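This is what each chain is made of:
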Amino acid sequence: MCGIVGLLIKNPDLREHLGELMVPMLIGMTERGSDSAGMAVFSAPVSEGDRKLSLYCTDSKFDWPKLDASLHARFGMLSLEIQKNHAILQTAAKPVDIRTWLRSEYPEVHVLSIGRAIDVYKDVGLPAAIASRYAFETLRGTHLVGHTRMATESAVTPKNAHPYTAGEDWCLVHNGSLANPHSLKRMLEKHGIQFESDCDTEAACRYLDWRLQGGEDLETALHHAFRDIDGFFTFLMGTQDKLALVRDPFACKPAIVAETDEYVAIASEFRSLAHLPNIKSAHVFEPKPAQIYSWSV
Amino acid sequence: MPIKNTDPIDLQRSSNTESDTHDSSLEESAGFDRHTIRYIQRAAATGLYEIRGLGAKRRVPHFDDLVFLGASLSRYPLEGYREKCTTTTLLGTRFAKKPIELAIPITIAGMSFGALSANVKEALGRAATEMGTSTTSGDGGMTAEERRSSRTLVYQCLPSRYGFNPDDLRQADAIEIVIGQGAKPGGGGMLLGQKISTRVARMRTLPEGIDQRSACRHPDWTGPDDLVIKIKELREITDWEKPVYVKMGATRVFHDVTLAVHAGADVVVVDGMQGGTAATQLAFIEHVGIPTLAAVRQAVDALEDLNVKGQVQLIVSGGIRTGADVAKALALGADAVAIGQGMLVALGCNSSTYVQNGNHALALDDYHALGTQPGYCHHCHTGRCPVGVTTQDPVLEQRLQPKVGALRARNYLQTLNMELTMLARACGKHNVHHLEREDMVAITVEAAAMAGVPLAGTRWVPGLN
Amino acid sequence: MNRQGAVSAAVFDLKRTSVREINQFLHHPLGNVTHVTIENPDGAHNVAVGVNQPVNIEIRGHVGYYAAGMNKHASVQIHGNAGPGVAENMMSGRIDVKGFASASAGASAHGGLLIIRQDGGLRCGISLKGGDIVVGGNVGSFSAFMAQAGRLVVCGDAGEALGDSLYEAVIYVRGTIKSLGADARIEPMSDYDSAAVASLLGQAGISASARDFKRIASGRTLYHWNADANQEY
């Protein structure tokens, strides 16, 4: 019920074109998912003491400037870059404090991501409309993880859209259907982890984050995932400096990778990669099942 | 004779004129009842799951638990003859160049040649043609008899792809992609060796006489995002002419119907747990899938939610038996129904006789040989159908002649249609598709909750108010 | 399109013409057109599906899902890679994929020859019903799953669960086999097998020695429900 895209630019000179290269990839996945789309972009990390939070509100009439003023009043120095239904908040204040404050003062605002490098955009509508709304073609950075969604509920809300994030600078998109998400959720909730949706993908995202927080590296966490997570999945994941991809042992959900010296690109279907520079000479391959592929910035 | 207190047996004998089985000193366990004991003994004897035909036999909330609010002082009925009640039904208007127009909203469900004899497929085709409705192929492909006899034939594309080919696809009037059926959502087709005759084997590319194991997933797609592309492929191959149906066994109906619509279906077919099969594991039949009553409601909700009611049609199946069932399914929001088991019963399934040379011949011995009796038989999987319906045996299949079968099937369909229009008229409708859920109430709480209609005599819809 | 001369060719560019138009063209009588070229497919789906006549079709680039699906009579060359389900349910003809094929290549094919020059993906030849598939490279896991008839020749290696639940199709593998599926077993190659492999390799234009191949066929132990046989269903 989805399309996934991923892009990591190896050549630093190309990083300013990350968005330009991504937009046709996302639009290529429209048929697989035309109800909503999401994109996580990783760029140069902000300074140690600061954090960025991506904020979203479904209400197009939301008074962002008012939120800006309230945030300043409450938390002091910070910046809020607003664009349509979305804003990027950069602050030295603790993210958990911002979150708590938002929950009570502005419950209609969702925190899509927290981190030093990550920005996440999510909205409803066609991928092309979303790309244009947030000027995706102007985005710069090192790598990204994107997703287009075919909704199973009528209310298409950001809570149910990918990428899912947990902790900081970590996100996951998923193509497929998990078979035991509810048990995973209950197990994680017992560990004090809070959920925002009923989406099976959120269970996978928080499960892996839980393992990573426990000190495991991504590869080890994914090995545990093969044992604990049941169902069909292609997972595409992003951390501050990595892009990782894995398919379940049955590998019924598609994925294709194109790699050159300049970039590595991933999509559910080749037609999302066809426009990329030098695609004709790229190494194009299908990831094997139950094997972890990762690329570092 | 005076009753002596010291003689308990005498007491019972004098006061109890019933047989020993009603002897109150015999206590059957509800959990380990005779059916369960037999099940366990069978498992211990064979080491294999029980396989049988037909659908769920146990009682579940069904259409019988709904009743119509016929005309009264506040609602006026239509007269029987002069005041027409239309039954024309259009299916596949969303994308196809050639939608299907049926004279009645009652279709014949997919049942395979292999499960059924060729004579039966022909009989059903003839009856459908006469009544202006459609038949559906099954998990064995299209037979020439069926294509020849049926004026509107829906061609199934199943996980097994037995016999599936582009020539038959081009000859079909509609395409039905089968994800599952009500008898066994999540399971694949099954046909035991005794029914894999030469002809069946050839059509399915299988060795004769083996037990057929079938896939439960399609070989070249998994999931609604891939289904989008598969539906397009089938449309491309048939030049976008034919409606594409997507059929599912009733489980997560709301989500599944939503996804089927997103994937591009013209028609959605939802088959409840009462839906039949010629052979599958008992555990599937009785324990997987939800009642048709609950399924219809969810399917209609999904279509209304997506605002495609009228654009994407809904066919409901699984235990549709009577004209009242048809009317109730339509009132709940279905555009049409599909009937499988009912058609077979019309042809003679569970009848004590079959027709031979214009006379009724008794089939009792053959039922007994199977260890069953008329009215209890579900032995389709054996291929030894006493009335020649679910068999490939050249002797047995003669017991159902196409002409006789066609007449019976047609009579049954006609009766259903007459009952349907009669009920619709009684509710004041000149078109059966104007029946609405407000024309009904439920007589049990479960049915009220599942169907989303009030409990009779109250305004209460459990779960809604 | 060249209307002069006895034999004609047609060229389509998918950047300007839709898949639907091209398929419609291929479904109608072609007159004296015997060769059709399709350029810039760029991963498009359903290219050249349902063709029902002996035309030669050259696709210059990578295709998406179901390229040449349900093909009958036509000869199709794909100068690139193919997405899932290439040549699915093919009835006859010849499909030649110069690159690699994604999952379910040749699924449920009843006849004809599918050639994959590089690797065949997962589930290569799944549900095969009489067609022939020759793979120059490796095939992925679950290949020839429930394959009922026909032949799969693999010049490279095979993945896990090869020929799981195999019926009467026969698999020939030159390289290693990661694991065999339920009821699939390695059997000695007969003269008949060697001749069959040689013939198929010859038809595909791949030079390899039939001698180097192993035969994998059904043990036929799953043909009847049998409680004592400890079968896995």
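A. Structural detail: the packing of helix H2 (residues 64-75) of chain A against helix H3 (residues 95-105) of chain A. All names here are of chain A. At a minimum axis separation of 12 Å, H2 and H3 run at an interaxial angle of 125°. Accordingly, the angle class assigned to the pair H2 and H3 is oblique. Two packed elements cross with a definite hand, and for H2 against H3 that hand is right-handed. Residues Leu67, Ser70, Leu71, Arg74 and Phe75 of H2 lie in contact with H3, whose contacting residues are Asp97, Ile98, Trp101 and Leu102. Split by residue class, the contact of H2 with H3 holds six nonpolar, one polar and two charged.

B. Structural view of the sheet that holds strand E10 (residues 170-178) of chain A. Residue and element names in this part refer to chain A. The strand order across the open sheet built from five strands is E9-E10-E11-E12-E16, with neighbouring strands paired in antiparallel fashion. The open sheet terminates on both sides in strands that have one partner only, identified here as strand E9 (164-165) and strand E16 (292-296). Packing against the sheet, helix H7 (residues 218-228) makes contact with E10, strand E11 (231-239), strand E12 (242-247) and E16, and its axis sits at approximately 20° to E12.

C. Highlighting the interface of chain B and chain A. Each side of the interface is counted separately: chain B has 15 residues, and chain A has 16 residues. Buried surface at the junction of chain B and chain A, both sides included, amounts to about 1,200 Å², of which 55% is carbon and sulfur. Taken together, the links from chain B to chain A amount to five salt bridges. Among the elements of the structure, helix H7 (224-237) and helix H8 (253-263) of chain B are those that each provide at least two residues to the side of chain B that touches chain A. When residues in the side of chain B that touches chain A are grouped by element, the largest group, six residues, is from H7(B).

D. Molecular detail of the interface of chain C and chain B. Every contact between the two is made by 39 residues of chain C and, on the other side, 42 residues of chain B. Summed over both partners, the interface of chain C with chain B comes to about 3,500 Å²; 56% of that surface belongs to carbon and sulfur atoms. Connecting chain C to chain B are three salt bridges. In this structure, the salt-bridge partner of Asp167(B) is Lys72(C), at a minimum N-O distance of 2.5 Å. Remark: the boundary between chain C and chain B carries 19 residue pairs in polar contact (both at pLDDT 80 or more). Looking at which element gives the most residues to the side of chain C that touches chain B, the answer is helix H1 (residues 19-27) of chain C, with five residues. Residue composition of the side of chain C that touches chain B, by class: 17 nonpolar, 16 polar and six charged.

E. Expanded view of a negative patch on the surface. All names here are of chain A. Taken together, the side chains of Asp13, Glu16, Glu20 and Glu137 make up a negatively charged region of the molecular surface. Relative to the helices and strands, Glu20 resides in helix H1 (residues 18-27). Glu20 gets classed as partly exposed once you look at its relative accessible area, which sits at 46%.

F. Representation of a nonpolar patch on the surface. Residues and elements named next belong to chain B. Together, Phe32, Ile37, Tyr39 and Ile40 line one region of the surface with nonpolar side chains, adding up to about 400 Å² of accessible area. Its place among the elements puts Phe32 in the loop between helix H1 (8-15) and helix H2 (34-46). Judged by relative accessible area, Phe32 falls into the exposed class, the value being 54%.

G. Highlighting the packing of aromatic side chains. Throughout the structure, instances matching the rule amount to 18 aromatic pairs over all chains. Judged by centre distance (5.8 Å) and plane angle (45°), the rings of Tyr121(A) and Tyr134(A) are tilted. Within this pair, whereas Tyr121(A) is found in strand E7 (residues 118-124), its partner Tyr134(A) is found in the loop between helix H4 (127-133) and strand E8 (143-149), the two being separated by 13 residues in sequence. In this structure Tyr134(A) comes out as buried when scored by relative accessible area, which is 1%. With a centroid separation of 5.9 Å and an interplanar angle of 40°, the aromatic rings of Phe250(A) and Phe142(C) are classed as tilted. Taken together, the residues span two chains, with Phe250(A) in the loop between E12 and strand E13 (256-259) and Phe142(C) in the loop between strand E7 (129-135) and strand E8 (149-154).

H. Examining the domain arrangement of chain A more closely. All names here are of chain A. Along its sequence, chain A is organised into domain 1 (2-43 + 125-296) and domain 2 (46-116). Measuring from the centre of the C-alpha atoms in domain 1 to the corresponding centre in domain 2 gives 24 Å. Counting residues at the interface gives 13 residues for domain 1 and 17 residues for domain 2. Counting each side, the surface lost to burial between domain 1 and domain 2 is near 1,100 Å², with a carbon and sulfur contribution of 44%. Per-residue buried area on domain 1 facing domain 2 is highest for Tyr134, Pro158 and Glu168; these three make up 44% of the total on that side. For the pair domain 1 and domain 2, the interface holds two salt bridges. Taken together, the residues that form the side of domain 1 that touches domain 2 break down as three nonpolar, five polar and five charged.

I. Just the environment of Cys124(C), in detail. All names here are of chain C. For Cys124, the location among the structural elements is in the loop between strand E6 (113-116) and E7. Residues Cys124 and Gly106, 18 residues apart in the sequence, show an inter-C-alpha distance of 6.6 Å. Those residues in contact with Cys124, other than ones at most four positions away along the chain, are Ala105, Ile116, Ile133, Val135, Val139, Ser143, Ala144 and Leu152.

J. Examining the side chain of Thr152(B) more closely. Residue and element names in this part refer to chain B. For Thr152, the position within the fold is in the loop between helix H4 (144-149) and strand E7 (153-157). Residue Thr152 is classed as buried on the basis of its relative accessible area, which comes to 6%. Ignoring sequence-local partners within four residues, the contact set of Thr152 consists of Ile100, Leu102, Thr133, Ser134, Thr135, Arg147 and Asp173.

The rules behind the values
Residues numbered from 1 in each chain as written. Chains lettered and ligands numbered in written order. Predicted model: local features only at pLDDT ≥ 70, side-chain atom pairs only at ≥ 80, totals over all residues. Heavy atoms only, no water. Axes fitted to C-alpha atoms, helices over the stretch in contact; angles between N-to-C directions. Helix = DSSP H or I, 4+ residues; strand = E, 2+ residues; numbered from the N terminus. Parallel < 35°, antiparallel > 145°, perpendicular 65-115°, else oblique. Left-handed = near helix turned anticlockwise from the far one by under 90°. Contact = heavy atoms within 4.5 Å. Nonpolar A, V, L, I, M, F, W, Y, C, P; charged D, E, K, R; others polar. Pairing = 2+ DSSP bridges. Buried area = accessible area lost by both parts, 1.4 Å probe. Salt bridge = Lys/Arg side-chain N within 4 Å of Asp/Glu carboxyl O. Polar contact = N/O pair within 3.5 Å; in protein donor to acceptor, adjacent residues only side chain to side chain. Patch = residues over 30% accessible without salt bridge, like charges linked within 9 Å, V, L, I, M, F, W, Y side chains within 5 Å. Areas by Shrake-Rupley, 256 points an atom, 1.4 Å probe, with all protein chains shown as cover. Lys, Arg positive; Asp, Glu negative; His and termini not counted. Charge placed at Lys NZ, Arg CZ, Asp CG, Glu CD. Buried < 20%, exposed > 50% of the residue type's maximum accessible area, 1.4 Å probe, protein only. Phe/Tyr/Trp six-rings, centres within 6.5 Å; stacked < 30°, edge-to-face > 60°. Domains from an automatic or database assignment.

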